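Close look at the chain arrangement
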Amino acid sequence: METSRNRTMADSQNRTGSDELIFFVNGRKIVEKNPDPETTLLTYLRRKLGLTGTKLGCAEGGCGACTVMLSRYQAEPQQLLHYAVNACLAPLCSLHLVAVTTVEGIGSVARKLHPVQERIARSHGSQCGFCTPGIVMSMYALLRNNPTPNMADVEEAFQGNLCRCTGYRPILEGYKTFTVKGGCCGGKGQNGCCMTNGNGAFQGSKDKPEEATSLFNPADFEPYDPTQEVIFPPELMNLSKGQRSSRSLCFHGDRTTWLQPESLDELLLLKWKHPDARLVVGNTEVGIEVKFKNMVYPVVLAPGFIAELNAVTHTEDGVVFGAACTLSHMGAVLKEAVQSLPPHQTQVFQAILEQLRWFAGQQIRNVAAIGGNIMTASPISDLNPVFMVAGCKLTLRDKDGSREVQMDDGFFTGYRKTTVRPQEILLSILIPYSKKCQFVSAFKQSPRREDDISIVTAAMSAIFSPGTDIVKDLRLSYGGMAPVTALAKKTANRLLGRQWGEELLQEACSSLAEEMSLDPSAPGGMVTYRQTLTLSLFYKFYLTVLQKLRLQGLSVQEVSSECLSATEIYHPETPSSVQVYQAVPEGQNQDDMVGCPIMHLSALKQATGEAVYCDDVPLYENELYLALITSTKAHARILSVDVSAAERCPGVVCCLFASDVPGSNVTGVRQDETVFADGQVTCVGHIIGAVVADSQLHAQRAAKAVRIQYEELKPIVTIQEAIAAQSFYEPIRAIQNGDMEAGFKQADHILEGEIHMGGQEHFYLETNVTLAVPREEDGEMELFISSQSPSDSQSFVAKALGVPANRVLVRVKRMGGGFGGKESRTTVLSTVVAVAANRLKRPVRCMLDRDEDMLITGGRHPFYGKYKVGFLQSGKVVALDVSFYSNSGNSMDLSQAIMERALFHMENSYRIPNVRGQGFMCRTNLPSNTAFRGFGGPQGMMVAENWITDVAHSLGRSPEEVRRLNLYLEGESTPYNQILHGLTLDRCWDECLSRSEYEQRRAAADLFNRQNRWTKQGLAIVPTKFGISFTATFLNQAGALVHIYRDGSVLLTHGGTEMGQGLHTKMVQVASRVLGIPCSKVFISETSTNTVANTSPTAASASTDLNGAAVQNACETLLKRLEPFKTKNPKGSWEDWVNAAYFDRVDLSANGFYKTPDLGYDFDTNSGRAFNYYSYGVACSEVEIDCLTGAHKNLRTTIVMDVGHSLNPAIDIGQVEGGFMQGLGLFTLEELHYSPQGVLLTRGPGSYKIPAFGDIPTQLTVSLLRDSPNEKAIFASKAVGEPPLFLAASVFYAIKDAVRAARAESQMMGPFRLDSPASAERIRNACCDQFTKLCPPAEPGTFTPWSVRV
Ligand SMILES: Cc1cc2nc3c(=O)[nH]c(=O)nc-3n(C[C@H](O)[C@H](O)[C@H](O)COP(=O)(O)OP(=O)(O)OC[C@H]3O[C@@H](n4cnc5c(N)ncnc54)[C@H](O)[C@@H]3O)c2cc1C
Ligand code: FES
Ligand code: FES
């Protein structure tokens, strides 16, 4: 009888059918008869099982939104393994006999919440909620392995998760309650809960009754009981113990066959038969190749369960790891070895652990194999340099035997190539113990510390003749400097036999500069920086070894105390935070939640995965999927489009182009765009057509098969190119005030300068989605869109379809973030999807992949600012002439309003008597840039902070002093003649100074800088003044519709959309106060164009003001109608009055409306009010830079923000922190790279880095100014969405302050240029020293750079 054990793989290949895949999801057994090897776990969960709690954020393992927990029974040693993985990369076929736990499996609002779900919600760690299920599952997996973690464990668990909204602080704060130290007493402390600041939530203390400091009360949390966790399915345990996991399996798909051999011999036989087959363990490399590089692998071998490939053997020479050992497992084994062996033996292990600390996130490390990392042969692999310098040995095998090879420079033969033969596999790697006189270090420099790929990665090993400082053996290995991991052999050989001292250092540096040189056009760019890094990192190694030799008693040169910090290894400190806000006044009605930090009303559902986002809407029965055909050229005429190959692809229904648009193909805010390109393309990513098919996979494959021929035209890509070509959109706006000539005459000094500010990708975790459902009659169409602007979507779709707007219904339940990116650009997708649905009369859906979203939908406008500033010796600025150039892209979109806002903010918070600002919108061949939180304001203010810093530097004064001197005073007037009333800048400034202990910190930083040569600290305090109102006056209106039902429940609808900012929560608070009923009686279902018409986009920070006033208006109308019944029955309940009114035939529905009064600025006359009021804030930040690498640490930030009387301090502080962190990304981290031909090179979290958990300041204080009512907005509150973002400029200028200190060491004084973002590259290049001198940049114009600054 044939058994699964003796059935050979040769048989299974010949079988046409697939084996059964058995696995469990949330305790339920799944038997899948035909799993497709190309299907990921994420697709299966969402599409097949309808488990939409697990989200798709990137499909490349870079955001963690798809995190689930896998559990597996391991026979040797017998144990249950629980580990977090990215479902987007986990092949479905790899799950045989695995238990999958998703966010739905651990708790629900309806059933019972799991404490990890409850705590993230109640601690305000969920705003839009799209990242929340992934974060919940990372925490859950941690607790399953370690029920009493410490904070370092928690932070490590989140290395692979991103959140774009919260700024991370509240998530860490909430989860601190699970840690050993941060754990809560559960309310049993002497004075109530141990975690509330003395006096319970929301109330002030005796000393400061006006101040409250806690946003949640851990005593409210359900206790965590690890014994209550769901058990591993008993049936699965039996199946696993029955050895069925190691049987051979075979799964056939459309294009790929998955073979899981049961033994090494079988694997070798298969590899012999299929030399081109890929071995897939973690699929973190192969998965990316298939998804993004269009690779097809007909045969995939899955060796994950083969014992020899998972074995770990300790030998005399070192530790041998089977090639399929995961990085997490390797880390655990090496950690143990480091603890148990003498330190001199574990130098290599420690270097590997150091690299692993910053290697991807947990989810990747839990599945990615050592063998996968070696065999991928990536030139920026973080482990290969260490393996090379350590002299690791690899055992390779084929069916005829094995051979051993040294992992040296002969191993990698070219870009992603090795000496391993096609029929061979990598069996294992020996990582040797280090020797007594050996020192090993490893370094990784990447744009972001956590979960990022290296710019340069290096490992270095030096062996000395015993008892001497004479170099016996030296190996220096670099990644990121060549197509392969490279050994600096020439340099190393030159230094053999030399003493470890200054001379050696000099020679090493000049030799490395020569040996590790790069072509100025090298892929990856940053050429000067990368070259400098090779020297800087060697210098760090040099100092480290020097120090260690001295510790061994050798008489080598002492490392001077000011150089010591260059040898320190970065270890993050656990962040701490303080929040301060106005306490709720005593005696406020218990039902009145205005001013209370109540939780976002959807937070619990978001934490359980029950909250429904656009793509979570269940599939319609006959639904189709759409994929876009986009331009690969920035500027070209379309010569021909060939769809024949696409139409032959399986599942394809039709292709659509401009001629298929039934209405108008002309679209866009300014009617200067097309639904589909018409003969010409003007950017890479320009939508040319679409393919509709029966599934996403089929549609996307077919779209890639469309062939387009172009006649290329010269593109304009950068601002500088646009200036040269005078390629501007009209009008060129200007604001002028005072007498420029007199102003400059009066000035003691005049200074000119410039700054370039890069753009920014919105990176909302949920990409753009549209689901269009045509109705049977009258050309009606229902659209579910992830849009901040339902009314614009409605009118754009109606125009494209050629129907009146009343036939188009747009519904928005919630968005997974927007930040301005879903204001106008969403329509590029929704019109196309609607056209397809209309044509086919079937529902059509499209959710853009992350790379498409980044490519197509534009982002924040890059700005270039040029200025001339006149100032007195005192530092007082008397004249300013500033020009702004924005890279607007290939259409106008919102560029004019954005430029106008930049002009309105050109003086930031400073009174300048004579001023002129001009704004030029550059027409370029980039995708149209668009609204982004701050809307031009941050760009305008950034230029202001630059000139004020220049003024201070040129006078040799502190920028703080010059800023304070120029700060606006009450009653002063802006350049556009708006008088400032109710100014709170000075209060914010003073409180910020005192809370940040500015004077002490400044003195401490100065002292630190005197004591350290290679690390410098910097401080900056920066104000902001942000004008509130849409600058397009007509948009300053809002509507609301309120129904009271007979049971007393209230259905509230208003014109704003919920994208995580808590707008619906605030609107419920407003309605609840006005109606005098608890929030629980008020419900908001969605935003829709058939309830409130002609809505303005949810934007400009004004939605609470506008919609809040409209809600108030509607509720007051209803209240008036109920008044007689209340008077008649004063002791009655709300329900009594409602019922009585109903029976008296009173209308219990009411509309509300609001328009902001007295607005209307006129550029021609420089008169009229531009803004209703201003939000003010001040932030002080402190940083530390590593002058050798350009890395920086965010040490402290103190923010004081005036948000009037906060409607909800938890939400407002969430906006302050989230906005600040987004600004921190803008000013210090996020970089979009474009090729000189206008191709976006950064299209996902792998290459575009938003701030991660590790980027938050170690100490973060946020204080909402108390006692600061604002008479201009609802219940004395103020707008908060955008204003805090700019405060992150304090981090930029703190960095600049630190760079200034570094430059002073090289006697470089006075103003200097630092463009934004202050990336590690820019910081390092600005810290000129002996190393940078050895790596001069190539002459511009003599080469074609890899990327250009747009
Ligand atoms: C989000 C993310 C972050 C990352 N961060 C980093 C990082 O910080 N540093 C870094 O260095 N890398 C990083 N990587 C790259 C990647 O994780 C590693 O290269 C990983 O170790 C690959 O292992 P795997 O098991 O997933 O490989 P797989 O994708 O399963 O396989 C990769 C390749 O190796 C071959 N292969 C695997 N095992 C064998 C074997 N035994 N014999 C022969 N061939 C074999 C396969 O055929 C395939 O071609 C990252 C990747 C992602 C997706
Ligand atoms: S969707 Fe899987 S990590 Fe982003
Ligand atoms: S709440 Fe984290 S991405 Fe929105």
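Computed from a predicted model, the values in this text were never measured in an experiment.

Some remarks on the UniProt feature "binding site: Mo-molybdopterin" (unreviewed entry) in the protein
The sites that UniProt annotates as "binding site: Mo-molybdopterin" (unreviewed entry) are Gln788, Phe819, Arg933 and Ala1100. Taking the farthest pair of C-alpha atoms as the criterion, the annotated set spanning 313 residues converges on one region, since that pair is 12.4 Å apart. Positionally, Phe819 belongs in the loop between β35 (808-812) and α26 (826-840). For Phe819, a relative accessible area of 12% translates into the label buried. Among residues more than four places away in sequence, those in contact with Phe819 are Arg164, Cys165, His762, Tyr764, Gln788, Ala931, Phe932, Arg933, Met1059 and Gln1222. Along the chain, the position of Arg933 falls in the loop between β39 (914-923) and α29 (937-955). Not counting chain neighbours up to four residues away, the residues in contact with Arg933 comprise Phe819, Arg860, Pro938, Gln1215, Gly1218, Gly1219, Gln1222, Gly1281, Glu1282 and Leu1285.

Quick notes on the nonpolar core
Ranked by internal contacts, the top residues of the largest apolar core, which has 286 residues, are Tyr175, Tyr478, Trp500, Phe538, Leu626, Phe676 and Trp947. Top contributing element to this core by residue count: helix α19 (residues 527-551), with 13 residues. Residue contacts for Phe676: discarding those within four places in its chain leaves Leu656, Phe657, Ala658, Val661, Asn665, Ile687, Ile688, Gly689, Ala690, Val832 and Val835. Residues Cys66, Leu264, Val300 and Leu383 belong to the second largest nonpolar core, which totals 92 residues.

Concerning the UniProt feature "active site" (unreviewed entry) in the protein
When the UniProt feature table is mapped onto this chain, "active site" (unreviewed entry) is found at Glu1282. Summarising the element assignment, Glu1282 is placed in the loop between β48 (1259-1264) and α37 (1289-1305). We classify Glu1282 as buried; its relative accessible area is 8%. Among residues more than four places away in sequence, those in contact with Glu1282 are Arg933, Gly934, Phe935, Phe1026, Ala1100 and Ser1101. At a separation of 2.8 Å, a polar atom in the side chain of Glu1282 contacts the main-chain amide nitrogen of Gly934.

Looking at the pairing of strand β4 (residues 79-86)
Where strand β3 (residues 67-74) lies against β4, 8 bridges are found, and the strand directions are antiparallel. Of the residues in β4, the one forming a bridge with Arg72 is Leu81. Hairpin connection, β3 to β4: the antiparallel pair is bridged by 4 residues.

Considerations on the site of ligand 1
Val281, Gly282, Thr284, Ala369 and Asp382 are the nearest of the 30 residues found near ligand 1. Take Thr284: an N or O atom from its side chain is 2.6 Å from an oxygen atom of ligand 1. Within the side chain of Lys444, a nitrogen or oxygen atom sits 3.0 Å from an oxygen atom of ligand 1. Relative to its unbound accessible surface of 990 Å², ligand 1 loses 92% to contact with the protein. The element contributing the most residues to the shell around ligand 1 is helix α15 (residues 370-376), with 5 residues. Of the residues assigned to the shell around ligand 1, the class counts are 14 nonpolar, 9 polar and 7 charged.

Observations concerning the sheet that holds strand β20 (residues 471-479)
One open sheet holds the 4 strands; their spatial order is β18-β19-β20-β21, and the pairing between them is antiparallel. Lying at the two open borders of the sheet, with one neighbouring strand each, are β18 (438-445) and β21 (486-487). Of the pairings in the sheet, the one linking strand β19 (residues 456-464) to β20 comprises 8 bridges and is antiparallel in character. Among the inter-strand pairings, Ala458 is bridged to a residue of β20, identified as Tyr478. Against the sheet, α19 makes contact with β18, β19 and β20, and its axis sits at roughly 145° relative to β18, the strand it touches most.

Brief notes about the side chain of Asn890
In this structure, Asn890 sits in the loop between β38 (877-889) and α28 (895-904). Overall, Asn890 belongs to the buried group, its relative accessible area being 17%. In contact with Asn890, not counting residues within four places along its chain, are Thr682, Cys683, His686, Tyr729, Thr924, Leu926, Pro927 and Ser928.

The rules we used
- Residues numbered from 1 in each chain as written.
- Chains lettered and ligands numbered in written order.
- Predicted model: local features only at pLDDT ≥ 70, side-chain atom pairs only at ≥ 80, totals over all residues.
- Heavy atoms only, no water.
- UniProt positions renumbered as here; feature names shortened; annotations may be inferred.
- Helix = DSSP H or I, 4+ residues; strand = E, 2+ residues; numbered from the N terminus.
- Buried < 20%, exposed > 50% of the residue type's maximum accessible area, 1.4 Å probe, protein only.
- Contact = heavy atoms within 4.5 Å.
- Core = buried A, V, L, I, M, F, W, Y, C linked by side-chain atoms within 4.5 Å.
- Polar contact = N/O pair within 3.5 Å; in protein donor to acceptor, adjacent residues only side chain to side chain.
- Pairing = 2+ DSSP bridges.
- Near = heavy atom within 4 Å.
- Areas by Shrake-Rupley, 256 points an atom, 1.4 Å probe, with all protein chains shown as cover.
- Nonpolar A, V, L, I, M, F, W, Y, C, P; charged D, E, K, R; others polar.
- Axes fitted to C-alpha atoms, helices over the stretch in contact; angles between N-to-C directions.

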